[in-house]
Amino acid sequence: MDQEAVLGLFRQSGALLEGHFKLSSGLHSERYLQSALVLQHAEFAEALGRALAAKTRHFQATVVLSPALGGIVIGQEVGRALGVRAIFAERQDKVLQLRRGFTLEASDRVLIVEDVITTGGSTRETAVVAEASGASVIGAAAIVDRGSDPARLDLPMQTLVRLDVPTYQPEACPLCARGVAVVKPGSRG
Ligand SMILES: [Zn+2]
(Lines give C-alpha, C1' and ligand atoms only; values in the text may rest on other atoms or scores of the structure.)
Protein backbone atom coordinates (compact mmCIF):
# COMPACT_ATOMS: atom_id res chain seq x y z
CA MET A 1 0.00 0.00 0.00
CA ASP A 2 1.70 3.22 -1.13
CA GLN A 3 1.46 6.68 0.42
CA GLU A 4 -1.33 7.84 -1.91
CA ALA A 5 -3.43 4.72 -1.21
CA VAL A 6 -3.12 5.29 2.54
CA LEU A 7 -3.97 8.99 2.26
CA GLY A 8 -6.93 7.95 0.08
CA LEU A 9 -8.32 5.91 3.00
CA PHE A 10 -7.90 8.95 5.27
CA ARG A 11 -9.70 11.24 2.78
CA GLN A 12 -12.46 8.69 2.19
CA SER A 13 -13.03 8.48 5.97
CA GLY A 14 -13.05 12.24 6.45
CA ALA A 15 -9.92 11.77 8.58
CA LEU A 16 -7.59 14.04 6.59
CA LEU A 17 -9.00 17.48 7.11
CA GLU A 18 -7.73 20.35 4.99
CA GLY A 19 -8.48 23.90 6.05
CA HIS A 20 -7.33 26.10 8.92
CA PHE A 21 -6.99 24.45 12.32
CA LYS A 22 -5.92 25.48 15.78
CA LEU A 23 -4.03 22.52 17.31
CA SER A 24 -4.00 21.66 21.01
CA SER A 25 -0.49 23.19 21.12
CA GLY A 26 -2.02 26.54 20.11
CA LEU A 27 -0.24 26.45 16.74
CA HIS A 28 -2.18 26.76 13.49
CA SER A 29 -2.02 24.25 10.64
CA GLU A 30 -3.56 23.63 7.23
CA ARG A 31 -3.93 19.88 7.81
CA TYR A 32 -5.39 17.80 10.58
CA LEU A 33 -5.39 13.98 10.91
CA GLN A 34 -7.84 11.98 12.98
CA SER A 35 -6.81 8.34 12.52
CA ALA A 36 -9.67 7.01 14.70
CA LEU A 37 -11.97 7.98 11.81
CA VAL A 38 -10.08 5.63 9.45
CA LEU A 39 -9.75 2.84 11.99
CA GLN A 40 -13.49 2.81 12.76
CA HIS A 41 -13.84 0.99 9.41
CA ALA A 42 -12.70 -2.57 10.17
CA GLU A 43 -11.71 -3.27 6.56
CA PHE A 44 -9.45 -0.17 6.48
CA ALA A 45 -7.94 -1.05 9.87
CA GLU A 46 -7.24 -4.58 8.63
CA ALA A 47 -5.65 -3.33 5.39
CA LEU A 48 -3.41 -0.85 7.26
CA GLY A 49 -2.45 -3.54 9.78
CA ARG A 50 -1.46 -5.92 6.98
CA ALA A 51 0.57 -3.20 5.26
CA LEU A 52 2.48 -2.42 8.47
CA ALA A 53 2.98 -6.13 9.16
CA ALA A 54 4.52 -6.58 5.70
CA LYS A 55 7.02 -3.80 6.48
CA THR A 56 7.90 -5.10 9.96
CA ARG A 57 7.86 -8.90 9.58
CA HIS A 58 11.67 -8.96 9.28
CA PHE A 59 11.94 -7.62 12.86
CA GLN A 60 10.65 -11.04 13.99
CA ALA A 61 8.59 -9.58 16.82
CA THR A 62 7.01 -11.96 19.33
CA VAL A 63 4.59 -9.32 20.63
CA VAL A 64 3.12 -5.95 19.63
CA LEU A 65 2.92 -3.27 22.33
CA SER A 66 0.90 -0.08 21.83
CA PRO A 67 0.30 3.02 23.94
CA ALA A 68 -3.40 3.49 24.83
CA LEU A 69 -5.68 4.73 23.45
CA GLY A 70 -4.54 5.77 19.98
CA GLY A 71 -2.36 2.72 19.32
CA ILE A 72 -4.72 -0.03 20.42
CA VAL A 73 -6.75 -0.64 17.26
CA ILE A 74 -3.85 -0.58 14.80
CA GLY A 75 -1.70 -2.59 17.26
CA GLN A 76 -4.36 -5.30 17.34
CA GLU A 77 -4.44 -5.43 13.53
CA VAL A 78 -0.65 -5.59 13.18
CA GLY A 79 -0.52 -8.34 15.82
CA ARG A 80 -3.19 -10.28 13.97
CA ALA A 81 -1.36 -9.97 10.65
CA LEU A 82 1.97 -10.99 12.22
CA GLY A 83 0.36 -13.83 14.19
CA VAL A 84 1.62 -12.53 17.56
CA ARG A 85 0.02 -11.15 20.74
CA ALA A 86 -1.04 -7.51 20.84
CA ILE A 87 -1.00 -5.79 24.24
CA PHE A 88 -1.15 -2.16 25.34
CA ALA A 89 0.29 0.12 27.99
CA GLU A 90 -1.85 2.75 29.70
CA ARG A 91 -1.39 5.54 32.18
CA GLN A 92 -1.90 5.20 35.90
CA ASP A 93 -0.87 8.18 38.02
CA LYS A 94 0.53 9.72 34.81
CA VAL A 95 2.99 6.81 34.36
CA LEU A 96 2.65 4.51 31.35
CA GLN A 97 2.54 0.87 32.48
CA LEU A 98 1.26 -2.64 31.75
CA ARG A 99 -1.99 -3.43 33.54
CA ARG A 100 -4.82 -5.99 33.20
CA GLY A 101 -2.41 -8.90 33.71
CA PHE A 102 -0.41 -8.16 30.54
CA THR A 103 3.17 -9.46 30.84
CA LEU A 104 6.38 -9.45 28.82
CA GLU A 105 9.16 -12.03 29.14
CA ALA A 106 12.89 -11.36 28.84
CA SER A 107 12.79 -13.50 25.67
CA ASP A 108 10.15 -11.25 24.06
CA ARG A 109 10.97 -9.18 20.97
CA VAL A 110 8.70 -6.17 21.17
CA LEU A 111 7.40 -4.11 18.25
CA ILE A 112 5.91 -0.75 19.32
CA VAL A 113 2.88 0.15 17.18
CA GLU A 114 1.08 3.51 17.13
CA ASP A 115 -1.34 5.33 14.87
CA VAL A 116 0.72 8.51 14.50
CA ILE A 117 4.32 9.22 15.49
CA THR A 118 4.84 12.95 15.93
CA THR A 119 7.88 13.67 18.09
CA GLY A 120 8.53 10.03 19.02
CA GLY A 121 8.10 10.89 22.69
CA SER A 122 5.30 8.41 23.36
CA THR A 123 7.15 5.75 21.37
CA ARG A 124 10.20 6.14 23.62
CA GLU A 125 8.02 6.09 26.70
CA THR A 126 6.36 2.85 25.53
CA ALA A 127 9.78 1.32 24.82
CA VAL A 128 10.81 2.06 28.42
CA VAL A 129 7.78 0.07 29.66
CA ALA A 130 8.92 -2.96 27.64
CA GLU A 131 12.55 -2.64 28.69
CA ALA A 132 11.51 -2.48 32.35
CA SER A 133 10.17 -6.02 31.89
CA GLY A 134 13.54 -7.14 30.54
CA ALA A 135 12.18 -7.58 27.01
CA SER A 136 13.99 -6.35 23.87
CA VAL A 137 12.44 -3.56 21.82
CA ILE A 138 13.28 -4.34 18.21
CA GLY A 139 11.44 -1.61 16.34
CA ALA A 140 8.57 0.80 16.00
CA ALA A 141 5.81 1.20 13.44
CA ALA A 142 3.05 3.71 12.79
CA ILE A 143 0.53 4.49 10.10
CA VAL A 144 1.64 8.12 9.90
CA ASP A 145 5.00 9.74 10.51
CA ARG A 146 4.22 13.38 11.19
CA GLY A 147 7.78 14.61 11.07
CA SER A 148 9.59 12.50 13.67
CA ASP A 149 13.34 12.65 14.21
CA PRO A 150 14.75 9.10 13.67
CA ALA A 151 17.92 9.97 15.59
CA ARG A 152 15.92 10.93 18.64
CA LEU A 153 13.76 7.80 18.41
CA ASP A 154 16.85 5.57 18.24
CA LEU A 155 14.85 2.55 16.98
CA PRO A 156 14.33 1.04 13.52
CA MET A 157 11.03 2.56 12.36
CA GLN A 158 8.54 1.70 9.61
CA THR A 159 5.61 3.92 8.64
CA LEU A 160 3.13 3.99 5.75
CA VAL A 161 2.86 7.76 5.24
CA ARG A 162 5.25 10.62 5.88
CA LEU A 163 3.31 13.82 6.35
CA ASP A 164 5.28 16.91 7.21
CA VAL A 165 2.54 19.23 8.37
CA PRO A 166 3.68 22.85 8.60
CA THR A 167 2.53 24.60 11.75
CA TYR A 168 2.51 28.33 12.43
CA GLN A 169 2.39 30.69 15.37
CA PRO A 170 -0.97 32.48 15.05
CA GLU A 171 0.75 35.83 14.39
CA ALA A 172 2.79 34.28 11.55
CA CYS A 173 -0.02 32.15 10.10
CA PRO A 174 -0.63 32.79 6.37
CA LEU A 175 -4.25 31.62 6.69
CA CYS A 176 -4.91 34.11 9.49
CA ALA A 177 -3.28 36.76 7.31
CA ARG A 178 -5.77 35.91 4.55
CA GLY A 179 -8.64 36.19 7.07
CA VAL A 180 -9.65 32.47 6.86
CA ALA A 181 -11.76 31.40 9.88
CA VAL A 182 -9.90 29.03 12.23
CA VAL A 183 -11.42 25.73 13.49
CA LYS A 184 -10.47 23.93 16.70
CA PRO A 185 -10.83 20.15 16.18
CA GLY A 186 -12.14 18.02 19.06
CA SER A 187 -8.98 16.20 20.07
CA ARG A 188 -5.36 15.65 19.13
CA GLY A 189 -4.84 14.34 15.60
ZN1 LIG B 1 -4.06 30.74 11.49
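Trainee: So what about the sheet that holds strand β2 (residues 28–33)? Which residues, and what values?
Mentor: Reading across the sheet, the three strands line up as β1-β2-β9 and stay open at both edges, with antiparallel pairing between neighbours. On the outer flanks of this sheet lie β1 (16–22) and β9 (167–168), each paired with one strand and no other. Of the pairings in the sheet, the one linking β1 to β2 comprises five bridges and is antiparallel in character. Looking at the pairing, leucine 16 lines up with leucine 33 of β2. Along the sheet, helix α1 (residues 3–12) contacts β1 and β2; its crossing angle with β1, the most-contacted strand, is approximately 70°.

Trainee: An account of the pattern of salt bridges is needed here, citing residue identities and associated values.
Mentor: One pass over the full model with this rule turns up nine salt bridges. With a closest N to O distance of 4.0 Å, arginine 124 and glutamate 131 form a salt bridge. Classification of arginine 124 as partly exposed rests on a relative accessible area of 26%.

Trainee: Could you give an account of the coordination of the zinc ion, naming the residues involved and the relevant values?
Mentor: At this site the zinc ion is bound by His20 (NE2), His28 (ND1), Cys173 (SG) and Cys176 (SG), with donor distances of 2.0 to 2.4 Å. Every donor counted, the four donor atoms about the zinc ion form angles of 95 to 125° at the centre, which fits tetrahedral coordination. Counting the intervening residues between successive donors of the zinc ion yields the motif H-x7-H-x144-C-x2-C. With histidine 28 in strand β2 and cysteine 173 in the loop between β9 and α7 (174–177), this residue pair connects regions lying 145 residues apart in the sequence. You'll find histidine 28 and cysteine 173 in the same group, each marked buried.

Conventions we followed
Residues numbered from 1 in each chain as written. Predicted model: local features only at pLDDT ≥ 70, side-chain atom pairs only at ≥ 80, totals over all residues. Heavy atoms only, no water. Pairing = 2+ DSSP bridges. Helix = DSSP H or I, 4+ residues; strand = E, 2+ residues; numbered from the N terminus. Contact = heavy atoms within 4.5 Å. Axes fitted to C-alpha atoms, helices over the stretch in contact; angles between N-to-C directions. Salt bridge = Lys/Arg side-chain N within 4 Å of Asp/Glu carboxyl O. Buried < 20%, exposed > 50% of the residue type's maximum accessible area, 1.4 Å probe, protein only. Donors = N, O, S within 2.8 Å, 3.2 Å for Na, K, Ca; no water. Tetrahedral: all angles 85-135°; square planar, octahedral: opposite > 155°, others 65-115°.

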